[in-house]
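# A look at the structure
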Amino acid sequence: LFLAKILFWGLFEQAGSSLNFLAQDHVDAPFDFTVFQSANPVFIILLAPVFAWLWPRLDARGLNPSTPRKFGIAVLLVAIGFTTLVLAIGNTAVDGRIPWEFLALAYLINTMGELCLSPIGLSMVSKLAAARDTGLAMGAWFLCTAIGNYVAGAVAAVASGGGASGGGLEQYAAIYWQIAIAGFAFGGVMNIVAFFFS
């Protein structure tokens, strides 16, 4: 579960780095690219009540995914979000610009992944850790966030070319496709293992 969290944040936190450069240099929007930094908070506000309503309803029907499966779903959703961008880039001319709706959709899908992992994970740590180890487990949980953010920075440096401005569309597509593959592979394996053991 901790490894899933590291991978998730390593991918999800492209939002404040490489996705920002992508928006600045390659997205066609009728507003300033910095507006995209508000997408995740807005989607959280809109979707959090939906997810809070959804989990108990699924639980009442015996359909609520286990915590490991929710983590796997979160990683898969991030992979789908980046696949959306890869497809958008693939349908854009080399010197063209991506319609802003595709980036907004990627933010929406990634936020859905966050809602499957972040609040669920905090609850999981307090439930699964022995009473005497709760503080240590919670510290490890947040350490995984820090490691994930470090990974995100390393990935973003490659995706954006390491400069003050972003890289080319082909470079973004290549890195985002690798992100998607990693997410699909890890999320798929995690869901398969969780199906048999949780």
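Overview of the structure. (Residues numbered from 1 in each chain as written. Predicted model: local features only at pLDDT ≥ 70, side-chain atom pairs only at ≥ 80, totals over all residues. Heavy atoms only, no water.)

## Structural notes on the packing of helix H3 (residues 39–60) against helix H5 (residues 100–128)
Here is the rule we go by: In this analysis, axes come from line fits to C-alpha atoms, helices being fitted only over the stretch in contact, and the angle between any two N-to-C directions falls in the range 0 to 180 degrees. Counting from the N terminus, the helices are the DSSP runs of H or I reaching at least four residues and the strands are the DSSP runs of E reaching at least two. Throughout, the term roughly parallel applies to angles under 35 degrees, roughly antiparallel to angles over 145, roughly perpendicular to angles from 65 to 115, and oblique to all others. In this scheme the handedness of a crossing depends on how the near helix is turned from the far one: anticlockwise by less than a right angle means left-handed, clockwise means right-handed. By definition in these notes, contact holds between two residues if any of their heavy atoms fall within 4.5 Å. Three classes are used: nonpolar for Ala, Val, Leu, Ile, Met, Phe, Trp, Tyr, Cys and Pro, charged for Asp, Glu, Lys and Arg, and polar for all others, with Gly counted as polar.
Running from N to C, H3 and H5 cross one another at 50°; their axes reach a closest spacing of 9 Å. Taken together, the axis directions place H3 and H5 in an arrangement best described as oblique. Crossing hand, H3 versus H5: right-handed. Judged by residue contacts, Ala-39, Asn-40, Phe-43, Ile-44, Leu-47, Ala-48, Phe-51 and Trp-55 of H3 engage Ala-104, Tyr-107, Leu-108, Thr-111, Met-112, Glu-114, Leu-115, Cys-116 and Ile-120 from H5. By residue class, the composition of the contact of H3 with H5 is 14 nonpolar, 2 polar and 1 charged.

## Points about the side chain of Glu-114
Going by this rule: Buried residues are those whose accessible area, probed at 1.4 Å on protein chains only, stays under 20% of the maximum for their type, while exposed residues exceed 50% and partly exposed ones sit between those limits. When charges are counted, Lys and Arg are positive and Asp and Glu negative, with His and the chain ends excluded. We define a salt bridge as a contact between a side-chain nitrogen of Lys or Arg and a carboxyl oxygen of Asp or Glu at a distance within 4 Å. Pairs of N or O atoms are called polar contacts if they sit within 3.5 Å, as long as, within protein, a hydrogen donor faces a hydrogen acceptor (for residues adjacent in sequence, only side-chain-to-side-chain pairs).
Tracing the backbone shows Glu-114 in helix H5. Buried and unpaired, Glu-114 has Lys-5 as its nearest opposite-charge partner, separated by 9.9 Å. There is a polar contact of 3.0 Å between the side chain of Glu-114 and the side chain of Asn-40.

## Considerations on the packing of helix H2 (residues 18–26) against helix H7 (residues 169–197)
The angle between the axes and the distance between the axes are what describe a pair of packed helices. Contact geometry of H2 with H7 gives a least axis separation of 11 Å together with a crossing angle of 150°. Taken together, the axes of H2 and H7 are roughly antiparallel relative to one another. The way H2 lies across H7 gives a crossing that is left-handed. Of the residues in H7, those touching H2 at Ser-18, Leu-19, Phe-21, Leu-22 and His-26 are Leu-169, Tyr-172 and Tyr-176. Its residues placed into classes, the contact of H2 with H7 shows 6 nonpolar, 2 polar and no charged.

## Regarding the environment of Gly-135
Locating Gly-135 in the fold gives a position in helix H6 (residues 134–159). The sequence separation of Gly-135 and Val-125 amounts to 10 residues, and the corresponding C-alpha distance is 9.4 Å.

## A word on H3
The condition that has to hold: Expected span of a helix: the number of residues minus one, times 1.5 Å. Here the bend at a residue is taken as the angle between two axes, fitted respectively to the seven residues that end there and the seven that start there.
Its 22 residues place the ends of H3 32 Å apart at the C-alpha level, agreeing with the 32 Å of an ideal helix rising 1.5 Å per residue. Leu-47 marks the point of greatest bend in H3, at about 35°, and the proline Pro-49 comes within the next four residues. Those residues of H3 lying buried are Ala-39, Asn-40, Phe-43, Leu-47, Phe-51 and Trp-55. At its buried positions, H3 is contacted by helix H1 (2–12), helix H4 (67–90) and H5.

## Observations regarding the nonpolar core
To be explicit about the condition: Here, nonpolar core means buried Ala, Val, Leu, Ile, Met, Phe, Trp, Tyr and Cys residues that are tied together by side-chain atoms lying within 4.5 Å of each other.
By size, the foremost hydrophobic cluster in this structure holds 48 residues, and its most contacted members are Leu-19, Leu-22 and Tyr-176. For this core, the secondary-structure elements that each account for two or more residues are H1, H2, H3, H4, H5, H6 and H7. Once residues within four sequence positions are removed from consideration, Tyr-176 is found in contact with Ser-18, Leu-19, Leu-22, Phe-82, Leu-85, Val-86 and Ala-159.

## Regarding the packing of aromatic side chains
Short version of the rule: The pairing test for Phe, Tyr and Trp rings, Trp by its six-membered ring, is centres within 6.5 Å, and the orientation test on the planes gives stacked under 30 degrees, edge-to-face over 60, and tilted for anything in between. Two conditions define a charge sitting above a ring: the NZ of Lys or the CZ of Arg must be within 6 Å of the ring centre, and it must be within 35 degrees of the ring normal.
Summed over the entire model, instances satisfying the criterion amount to 12 aromatic pairs. Taking 6.3 Å as the distance between ring centres and 15° as the angle between the ring planes, the aromatic pair formed by Phe-36 and Tyr-107 counts as stacked. Here Phe-36 is found in the loop between strand S1 (27–28) and H3, whereas its partner Tyr-107 is found in helix H5, with 71 residues between them in sequence. Accessibility assignment for this pair places Phe-36 and Tyr-107 in one class, buried. An aromatic cluster of three or more residues is present, and its members are Phe-31, Phe-36, Trp-100 and Tyr-107. Across the ring face of Phe-142, the terminal group of Lys-5 is positioned such that the distance to the ring centre comes to 5.4 Å. Between the NZ or CZ atom of Lys-70 and the centre of the ring of Trp-55, over which it lies, the distance is 4.1 Å.

## Section: H2
Counting buried residues along H2, 7 of its 9 residues qualify, which places the element largely inside the surrounding structure. Those residues of H2 that sit buried are Ser-18, Leu-19, Asn-20, Leu-22, Ala-23, Asp-25 and His-26. Here the buried face of H2 lies against S1, H4, strand S2 (98–99), H5, H6 and H7.

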